[in-house]
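Survey of secondary and tertiary structure
Here are the chains, one letter per residue:
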Amino acid sequence: MTITCKQLLQNHTQVWQEATVHPFLEQCKSGTIQPQQFNTWLVQDYLFVVDFTRMVGRILAIAPPDHFDVILGGLSALKDELIWFKEKAAARQLDLNVQKQSTCTEYCEYMYSLATMPYPVQATALWSIEFAYNQGWQLLGMMPEPYTEFVDRWGNPGFTEYVKLLEQQADEVLNTASDTVQQQAESAFLKVAQLEKAFWQMAFNATQ
Ligand code: HMH
């Protein structure tokens, strides 16, 4: 039996639901999220994306050459995304030179730790992380201003297609992976789901 990304989602619907549907997003949708909550998410997510970019760089370094296209496309999108985050922060007069909150630190340390794992585990984690935002930001449908561009960033058809290709690449290498590696991939999926939920909660809890 080989595990697939689709099966991971089917085996853990509840956990995945909690990773992608959160009061933070529901209150963006209803327009009741407070500036300190949204701004905390924005700054901490910028810091997250910096380390996530490094993770994708490390994945490229061990990927088979026929996976380069998709991963390089992801890195190219991250180049634009980092610039975009800085613009969003500047428009809100937010300082990006701040410390990571403990939840963000934990997530970033987990991404560093993935470097010691076999490629199929890293490919599964990469898909999980991107799919979490691809779903999270679009599951609730359109959001009011100023949140429409956030929905569009992770919900647009191009990003959705990229996440599907990440799924295909993960499935392809899971297919020939040992049982142990497949179990490690499942653990990585669950860890990402837990960290995604915690990340929303961190921003939701912000009071300043
Ligand atoms: C917390 N997860 C978090 N931030 C992001 N920007 C992504 C995933 C990207 O998909």
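Read on for a plain summary of the structure. As the structure is a prediction and not an experimental result, all values here were calculated from the model. (Residues numbered from 1 in each chain as written. Predicted model: local features only at pLDDT ≥ 70, side-chain atom pairs only at ≥ 80, totals over all residues. Heavy atoms only, no water.)

1. Description of the nonpolar core
Formed by 74 residues in total, the largest nonpolar core has its most connected members in F24, W41 and W137. In terms of residue count, the dominant contributor to this core is helix α4 (residues 35-62) (13 residues). Those residues in contact with W41, other than ones at most four positions away along the chain, are F24, F85, Y133, W137, F150, W154, F199, W200 and A203. (Core = buried A, V, L, I, M, F, W, Y, C linked by side-chain atoms within 4.5 Å. Buried < 20%, exposed > 50% of the residue type's maximum accessible area, 1.4 Å probe, protein only. Helix = DSSP H or I, 4+ residues; strand = E, 2+ residues; numbered from the N terminus. Contact = heavy atoms within 4.5 Å.)

2. Focus: helix α2 (residues 13-20)
Along α2, the positions that sit buried rather than exposed are W16, A19 and T20. Summarising the axial view, the buried residues of α2 lie within an arc of 85°, below the 170-degree limit, and thus occupy one face. The elements touched by buried residues of α2 are α1 (5-11), α3 (23-29), α7 (119-136) and α10 (179-204). (Arc of directions from axis to C-beta.)

3. Re the packing of aromatic side chains
The tally for this structure, following the rule as stated, stands at 33 aromatic pairs. Taking 6.5 Å as the distance between ring centres and 5° as the angle between the ring planes, the aromatic pair formed by W16 and W127 counts as stacked. On the criterion of sequence distance, the pair formed by W16 in helix α2 and W127 in helix α7 is long-range, its members being 111 residues apart. Of the two residues, W16 and W127, both sit in the buried class. Judged by centre distance (5.3 Å) and plane angle (25°), the ring pair of F24 and W200 falls under stacked. Linking F24 in helix α3 with W200 in helix α10, this pair joins segments that are 176 residues apart in sequence. When its relative accessible area of 0% is taken as the criterion, F24 is described as buried. (Phe/Tyr/Trp six-rings, centres within 6.5 Å; stacked < 30°, edge-to-face > 60°.)

4. Notes on the site of the ligand
Taken together, D45, F48, V49, I129, E130, Y133, W154, E196 and F199 make up all the residues around the ligand. The side chain of E196 places a nitrogen or oxygen atom 2.6 Å from a nitrogen atom of the ligand. For the ligand, the protein covers 100% of the area, taking 290 Å² as the surface of the free molecule. Tallied by class, residues from the shell around the ligand come to six nonpolar, no polar and three charged. (Near = heavy atom within 4 Å. Polar contact = N/O pair within 3.5 Å; in protein donor to acceptor, adjacent residues only side chain to side chain. Areas by Shrake-Rupley, 256 points an atom, 1.4 Å probe, with all protein chains shown as cover. Nonpolar A, V, L, I, M, F, W, Y, C, P; charged D, E, K, R; others polar.)

5. Here we look at the side chain of Q37
Its place among the elements puts Q37 in helix α4. In this structure the side chain of Q37 is engaged in a polar contact, spanning 2.8 Å, whose partner is the backbone nitrogen of Q34. With residues up to four places along the chain from it excluded, the contact list for Q37 reads F24, Q27, A203, F204 and A206.

6. Examining the packing of α4 against α7
Orientation of α4 relative to α7, taken along the N-to-C sense of each, is 150°, at an axis distance of 11 Å. Judged on the interaxial angle alone, α7 and α4 are roughly antiparallel. Between α4 and α7 the crossing geometry is left-handed. Residues W41, D45, F48, F52, M55, V56, I59 and I62 of α4 form the contact with α7, whose own contacting residues are Y119, Q122, A125, L126, I129, E130 and Y133. For the contact of α4 with α7, a count of residues per class yields twelve nonpolar, one polar and two charged. (Axes fitted to C-alpha atoms, helices over the stretch in contact; angles between N-to-C directions. Parallel < 35°, antiparallel > 145°, perpendicular 65-115°, else oblique. Left-handed = near helix turned anticlockwise from the far one by under 90°.)

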